[in-house]
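So you can see what is in the structure, the chains are spelled out below.
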Amino acid sequence: MLRFVSKKVTVSFTSRVYSTSSHVGSTTSSNAWTTVVAALAQTGVIDALQAAVELLNGGDKPDDPSSALVHLLRVSGNNGHVSLCRQLHGYVVKNGFVSETRLSNSLMRFYKTSDSLEDAHKVFDETPEPDVISWNSLVSGYIQSGRFQEGLCLFLGLHRSDVVPNEFSFTAALAACARLGLSRLGACIHSKIVKLGMERGNVVVGNCLIDMYGKCGSMDDAVLVFQDMEERDTVSWNAIVASCSRNGKLELGLWFFHQMPNPDTVTYNELIDAFAKCGDFDSAFQILSCMPNPNSSSWNTILTGYVNSEQTSEATQFFTKMHSFGVRLDEYSLSIVLAAIAALAVVPWGSLIHSCALKLGLDSRVVVASALIDMYSKCGMLKQAELMFWTMPRKNMIAWNAMIYGYARNGDSMQAIKLFNQLKQERFLKPDGITFLNLLAVCSHCEVPMELTLGYFEMMVNEYRIIPRVEHCCSLIRAMAQRGEIWQAKKAIEQFGFGFDGVAWRALLGACSAGKDLKAAKAVAAKMVVLGEVDEDEYVYIVMSNLYAYHERWREVGQIRKIMREKGVEKEVGSSWIQEQNFAIQL
């Protein structure tokens, strides 16, 4: 029996249905379903949903089960009735409607929007004859979830099948190529688009091609696609301006900007972002001042530029300017400035922004709450971070990762591991690469057994199918080195395929320094010399100089410092922050 619970059911509609279906006979049942399906299709009202569930429970089947169940799934999903959708899936299987492609597509849409991609994939696999909508639904689901490689693998499966891809198939695949920087695959997809005659007459596809080439650094190809387009819309112009901006072609971007018929907010924001990334905040602010109708995102772009360039003090001052200019602060404004405050660890400022979020009613937003967790954690205020985390009405992976990172940063390995185990029990979330990076960081800084550390690494690779990045390898190296396993860590770098990555060797050199292992440090430094990682990196010189000094090898210390003077390598000047009357002053 299907169960449906809602506080918004209106009895009148249900009663009207049963007034017609109370008489025995297929005609009255058919009339009842006609009324219900029409209501579901036109308005999607909750009482129609209730009536449909009651009809199904009473054994009354619609004349067109596929159409009725499609509407039922759509309305149930749109209104957040997850349990009912899953029960309807069971009803579909039980009554042999799995072969209906329309129904499978509706189920896939529900699972995709519910962040249950694995369930959507199962439905796809069980569909006897998936159509292009089936393929597109799953491909776009993976890509929208950030699982770009899996999405592209599915797209290639579509390409090998008998189903002909359409413009939605290509735009999804191009978006994945853009995010992964796969210009050659993007060019192959482009050739297929040309072969099918979709390029010139399709503005959406053209826009995606410009975006893909721009994000892959192929500016010439992006310009060629733009010039060959028979029709262009505002998105086309914004795409080419954005491509110029992100590739440092500011003059070309400004030329396109001046040719554009009607620049909009997105266009201005792209230019502001380009100048901010180049560190030219004066020009960025000048463009902002010239905008007809600047909005919060325009100001947030400059604010983000300050934070990303580690000009945290300037970021807080700019945020103050935003407030004084009467700019409407949104959740992104608050999350960006909280990132700056977290870097400065200025607690009163953080508390002030928290109060501001409460006043604006934005404190429960996931992006703000996650930023508050991060800020309080970096300020050493774990109790406040925990309070924010557990009072969040809805937690996404960013919030979970922020709290695990908070425990890791503050050396609380037990709580970090406990929270990770709780995350594994979540039905609609699963640990990602950032989660394991935080977990491995806990293991590398705390007294966590090596067997457990290696177990987490293997879990990441084998159970969650996450490809290790160099950051994961560095954490594992530090954990090994901390336990005196320097040479095993050296072997691990080669085994994991990071033998030519200077970042991994730099991490191992730092571990050698912490363990005062001069012999291992010399071997690692020699490897970095071969890789060409030494000439411009003062870190190697300083570590080796300090290690030789520790072992009282003064002749080698003198030689290294002489080399540093000859190459013009200087140690970066350290700095500290002090707080004075709510201002952070760098010394």
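Residues numbered from 1 in each chain as written. Predicted model: local features only at pLDDT ≥ 70, side-chain atom pairs only at ≥ 80, totals over all residues. Heavy atoms only, no water.

Right, let's talk about the overall build of the protein for a bit. Scanning the protein for helices and strands turns up 33 helices and 2 strands. By the burial criterion, 49% of the 587 residues in the protein qualify as buried. Once local pairs closer than 6 in sequence are excluded, the contacts in the protein between residues at least 24 apart make up 59%. Total accessible area on the protein is roughly 29800 Å²; 52% of this is exposed by carbon and sulfur atoms. (Helix = DSSP H or I, 4+ residues; strand = E, 2+ residues; numbered from the N terminus. Buried < 20%, exposed > 50% of the residue type's maximum accessible area, 1.4 Å probe, protein only. Contact = heavy atoms within 4.5 Å. Areas by Shrake-Rupley, 256 points an atom, 1.4 Å probe, with all protein chains shown as cover.)

Counting 174 residues, the largest nonpolar core has Leu508 and Met544 as the members making the most contacts within it. Not counting residues up to four positions away in its chain, the partners in contact with Leu508 are Ile477, Ile486, Ala489, Lys490, Ile493 and Val524. (Core = buried A, V, L, I, M, F, W, Y, C linked by side-chain atoms within 4.5 Å.)

Atomic detail in the predicted coordinates should be set aside for any region of low pLDDT. When the pLDDT values of the protein are averaged, the result is 84; 85% of them are 70 or greater. Segment residues 4-26: pLDDT under 50, and 34 contacts once partners within four positions in sequence are set aside and those in other chains are kept. (pLDDT = per-residue confidence, 0-100.)

The next point concerns helix H20 (residues 331-344). Taking 1.5 Å of rise per residue, 14 residues should cover 20 Å, and H20 covers 20 Å from first to last C-alpha, within 8% of that figure. For H20, the complete set of buried residues consists of Glu331, Ser333, Leu334, Ser335, Ile336, Val337, Leu338, Ala340, Ile341, Ala342 and Leu344. With a side-chain oxygen positioned 3.1 Å from the backbone nitrogen of Tyr332, the residue opening H20 is Asp330. (Expected span 1.5 Å × (residues − 1). Polar contact = N/O pair within 3.5 Å; in protein donor to acceptor, adjacent residues only side chain to side chain.)

The next point concerns the state of the cysteines. Per the stated rule, a full pass over the model turns up 0 disulfides. In this structure Cys473 is a free cysteine whose sulfur lies 5.9 Å from that of Cys474, the closest cysteine sulfur available. (Disulfide = S-S within 2.5 Å.)

Attention shifts here to the environment of Val524. Relative to the assigned elements, Val524 resides in helix H31 (residues 518-530). Accessibility expressed as a relative area gives 1% for Val524, which makes it buried. As a C-alpha pair, Val524 and Ala507 span 17 residues in sequence and 10.0 Å in three-dimensional space. The contact partners of Val524, leaving out residues within four places of it in the chain, are Trp505, Leu508, Leu509 and Cys512.

Within the secondary structure, Asn269 is located in helix H16 (residues 265-277). A polar atom in the side chain of Asn269 sits 3.1 Å from the side chain of Ser297. Every residue in contact with Asn269, bar those within four places of it in the chain, is listed here: Met291, Asn295, Ser297, Ser298 and Thr301.

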